[in-house]
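# An overview of the molecular structure
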Amino acid sequence: MAKGIMWAIRRASSSYKKQVFMTGASRICYATSEISSQYPKGHNEGASNVISHRPLTFRGFQLKSHGLFMESRSFSSQAGTKSSGEEDTDSDDGFSELESSTATEAIQEANKVDESVSEQDLSEEDRENVEAPQELELSDTETEVSKRKSSRERVSSALYNAIVAAPALSVSKIMDKWLEGNDVTRAEVAAAMLNLRKRRMFGRALQLSEWLESKKQLTFTDRDYASRVDLIAKVRGLKKAEDYVGMIPKSFRTEVIYRTLLANCVAEVDPKKSEQIFNKMKDLEFPLTCFACNQLLLLYKKTDKKKIADVLLLMEKENVKPSLFTYKTLIDAKGQCNDISGMEQIVETMKAEGIEPDINTKSILAKHYISGGLNEKAENVLKEMEGGDIKENRWVCRSLLPLYAALGRADEVSRIWQVCEESNPRLDDCVAAVEAWGKLHNIEEAEAVFDKMAAKWPTISSNHYSVLLRIYASHKMLSKGKDLVKRMADSGCRIGPLTWDALVRLYVEAGEVEKADSILHKAAEQNRSRPMINSYLVIMEQYAKRGDVHNTEKVFHRMRQAGYVSRISQYQCLIRAYINAKAPCYGIAERMKADNLFPNKGLANMAAQVDAFKRTAVSDLLD
């Protein structure tokens, strides 16, 4: 086991340094650069200022980022999992160790449970970065079931089939009827719960959990309670989940309960609440786990990357051994800052620690090589992913298709897709192929694959329709997009947040911002699932460009009503609207302070431009 994490300075210049991360005898060379307002293209310039300034502590060991870096220790990097995230422009990753990506769940309104069978929508980043099931939100039996079965394979469950077969009935009524001729066994419930989670039917899963407890059909363990906490957070929001934790019998409020709550706070990118829960775990004297540290790494990767070094130092202090997920997060972080050498050093150290990169890790490497223009290195990684014979490694095709498309290699996309077609393509293969052809601007091929997919699986979900819809949006094909939405409606497909987002983009790209705004407003009013944060931001940015302060403020307010925590990116957009309107913005500093946001230099300069009380040479003369 690693004895600890030590950091030392490898290189220094006017603004960049390198540090060495050591575990036992081996080192993780983690090249870093000091965080400033200079972010990679497309990155949220103010993300590092979102985090709470309160230092984290664990058993007397206090983390103080600013002190650490003032002594010439610096850190920089960044990543991104989304359909990997839902959602916001600063790339909310779905790199969560929960059973699936929680970063951008369409959380339903407080106190409301979706009574219909529906699949919650994932953003593009979410689908790319969904992690394998973790034990924290599963009961012991669920965990055993998931370990025995491949993540791609559905565990047979008569109970699950009964729930899905009666979408109009509440789960409690279905279960009451089930009792008439069947026993409720833990194994059957675990299989049903696992399938509901896989299909993202969190509302139904929550109803099942509530019925089981109310009817005392199962003796709940701490993992069963943790599963409930996770489901409540997904369906009803963090506040209700936290309230439920207080209702759990004290003897069952174990570390797994709080780690589940912590992971959902991180998924919602709520720094203040995440740090509160982390410190609560410390106060309760729970042992520090790698899972909790990984959650902080995820959080700081998106909000304050300087604090990543602090988390690693804490892991060293508490003798917490990094996991594969730890390395993945660091690799992705370095790659997003285009620090390729730092990324490669982490990979080498990971291998030295006896941890081999999996396919997901290699995909991350390839993605960042492509972003950095290192196509030859990217192709080498892709060939390594293929192995000796791609036909024997068929399951890798889904990962290869979008990556070859990102390289602009239509020939390789065609070759990989042919392998899929020859061996009965899976649904995931088809989705990846549609996305790949879309990236290559080959709309006809994308449509052909989609039609084959729709013919083979007549009940495909809105997620799958939205793949093609986003392609139409990016190519400004408004007419085809409208026809596809009508096709979705005719098929009886549920239209949810992912589809709304694609529709919003479709109309925005066509220049019909007001129509996009109207669609989103109606969707939010008529449905229980909240829209993606990106849907609001896309519209808000268009209004800001026009200098339309009224509508920009209106969208900003609707985001708050939907339950999204205000972030620097939203304030940047809002202030830009005032700048373009050449209008003063009263009280903007106070508004940010109330949201616990601290502007960086770039945002402070923007705010100064719209300060109604700023002094100039002329105003001094007049005074």
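Residues numbered from 1 in each chain as written. Predicted model: local features only at pLDDT ≥ 70, side-chain atom pairs only at ≥ 80, totals over all residues. Heavy atoms only, no water.

### A look at the nonpolar core
Counting residues in hydrophobic clusters, the biggest one holds 159 residues, and the most contacted among them are Leu208, Ile257, Phe450 and Ile539. Apart from residues lying up to four places away in sequence, Phe450 is in contact with Val434, Ile460, His464, Tyr465, Leu468, Leu484 and Arg487. (Core = buried A, V, L, I, M, F, W, Y, C linked by side-chain atoms within 4.5 Å. Buried < 20%, exposed > 50% of the residue type's maximum accessible area, 1.4 Å probe, protein only. Contact = heavy atoms within 4.5 Å.)

### Examining the side chain of Ser466
Mapped onto the elements, Ser466 comes out in helix H22 (residues 462-474). A distance of 2.7 Å separates the side chain of Ser466 from the backbone oxygen of Ser462, its partner in a polar contact. Contacts of Ser466, omitting those with residues within four sequence positions, involve Leu498, Thr499 and Ala502. (Helix = DSSP H or I, 4+ residues; strand = E, 2+ residues; numbered from the N terminus. Polar contact = N/O pair within 3.5 Å; in protein donor to acceptor, adjacent residues only side chain to side chain.)

### Brief notes about the packing of H22 against helix H24 (residues 497-509)
Look at H22 against H24: their axes get within 9 Å of each other, and the N-to-C directions meet at 10°. Classified by the angle between their axes, H22 and H24 sit roughly parallel to one another. Viewed along their axes, H22 and H24 form a crossing whose handedness is left-handed. Between H22 and H24, the contacting residues are Ser462, Asn463, Ser466, Leu469, Arg470, Tyr472 and Ala473 on the first element and Leu498, Thr499, Ala502, Leu503, Arg505, Leu506 and Glu509 on the second. (Axes fitted to C-alpha atoms, helices over the stretch in contact; angles between N-to-C directions. Parallel < 35°, antiparallel > 145°, perpendicular 65-115°, else oblique. Left-handed = near helix turned anticlockwise from the far one by under 90°.)

### A word on the confidence of the model for the protein
Scored by pLDDT, the protein comes out at a mean of 76, with 73% of its residues at no less than 70. Low pLDDT, under 50, characterises residues 1-55; the predicted model gives this stretch 182 contacts beyond four residues in sequence or across chains. In the predicted structure, residues 616-623 sits below a pLDDT of 50 and forms three contacts with residues beyond four places in sequence or in another chain. (pLDDT = per-residue confidence, 0-100.)

### With respect to the packing of aromatic side chains
The full count for this structure, using the stated rule, is six aromatic pairs. Their ring planes at 50° and their centres at 5.5 Å tell us that Tyr225 and Phe252 sit as a pair that is tilted. Remark: Phe252 occurs in the loop between helix H9 (238-247) and helix H10 (255-267) and Tyr225 occurs in helix H8 (residues 222-235); sequence separation between them is 27 residues. The class of Tyr225 is buried, set by a relative accessible area of 7%. Exposure remark for Phe252: the relative accessible area of 28% places this residue in the partly exposed category. (Phe/Tyr/Trp six-rings, centres within 6.5 Å; stacked < 30°, edge-to-face > 60°.)

### With respect to a positive patch on the surface
Taken together, the side chains of Lys482, Lys486, Lys515 and Lys522 define a basic patch exposed on the protein surface. Residue placement: Lys486 occurs in helix H23 (residues 478-490). (Patch = residues over 30% accessible without salt bridge, like charges linked within 9 Å, V, L, I, M, F, W, Y side chains within 5 Å. Areas by Shrake-Rupley, 256 points an atom, 1.4 Å probe, with all protein chains shown as cover. Salt bridge = Lys/Arg side-chain N within 4 Å of Asp/Glu carboxyl O. Lys, Arg positive; Asp, Glu negative; His and termini not counted. Charge placed at Lys NZ, Arg CZ, Asp CG, Glu CD.)

### A short note on the pattern of salt bridges
The tally for this structure, following the rule as stated, stands at 35 salt bridges. For Glu514, the salt bridge goes to Arg546, with nearest N and O atoms at 2.5 Å. Within this pair, whereas Glu514 is found in helix H25 (residues 513-526), its partner Arg546 is found in helix H26 (residues 533-546), the two being separated by 32 residues in sequence. Under the relative-accessibility criterion, Glu514 is labelled partly exposed at 43%.

### Regarding the packing of helix H20 (residues 427-439) against helix H21 (residues 443-456)
Their axes nearest at 8 Å, the elements H20 and H21 cross at an angle of 165°. If you check the angle between H20 and H21, you find them roughly antiparallel. In the crossing of H20 with H21, the sense of the turn from one axis to the other is left-handed. Within the contact between the two elements, H20 uses Leu427, Cys430, Val431, Ala433, Val434, Trp437 and Gly438 and H21 uses Glu445, Ala446, Val449, Phe450 and Met453. Looking at side-chain class alone, the contact of H20 with H21 contains ten nonpolar, one polar and one charged residues. (Nonpolar A, V, L, I, M, F, W, Y, C, P; charged D, E, K, R; others polar.)

### A short note on the environment of Pro357
If you trace the backbone, Pro357 turns up in the loop between helix H15 (340-352) and helix H16 (359-371). Residues Pro357 and Tyr327, spaced 30 residues apart in sequence, show a C-alpha to C-alpha distance of 9.1 Å. When neighbours within four sequence positions are excluded, Pro357 is seen to be in contact with Val347, Met350, Lys351 and Lys362.

### Looking at unusual backbone geometry
For Asn338, which is not glycine, the phi dihedral falls at a positive 60°. Following the sequence through the fold, Asn338 ends up in the loop between helix H14 (324-336) and H15. Using a relative accessible area of 45% as the deciding quantity, one classes Asn338 as partly exposed. A positive phi is found at Asn424, a non-glycine position, where the angle reads about 60°. For Asn424, the position within the fold is in the loop between helix H19 (410-422) and H20.

### A closer look at the state of the cysteines
This structure, assessed with the given rule, holds zero disulfides. No disulfide involves Cys397; its sulfur sits 3.8 Å from the nearest other cysteine sulfur, which is in Cys420. (Disulfide = S-S within 2.5 Å.)

### Quick look at the UniProt feature "repeat: PPR" (unreviewed entry) in the protein
Sites flagged by UniProt as "repeat: PPR" (unreviewed entry) map to residues 323-357 and 461-495. Overall, residues 323-357 shows 74% helix and 0% strand. The separation of its end C-alpha atoms is 11 Å. Secondary structure over residues 461-495 splits into 74% helix and 0% strand, and the C-alpha atoms at its two ends are 9 Å apart. (UniProt positions renumbered as here; feature names shortened; annotations may be inferred.)

### Looking at H10
With 13 residues, H10 extends 18 Å between its outermost C-alpha atoms, agreeing within 8% with the 18 Å of an ideal straight helix rising 1.5 Å per residue. Most of H10 sits out of view: 13 of its 13 residues are buried. Looking one or two residues beyond H10, the residue adopting positive phi is Val269, at roughly 50°. (Expected span 1.5 Å × (residues − 1).)

### Some points on the environment of Ala473
Here Ala473 lies in helix H22. With a relative accessible area of 4%, Ala473 lands in the buried category. Distance in space between the C-alpha atoms of Ala473 and Arg505 is 5.9 Å, their sequence separation being 32 residues. Filtering out sequence-adjacent residues up to four positions away, Ala473 remains in contact with Ala502, Arg505, Leu506 and Glu509.

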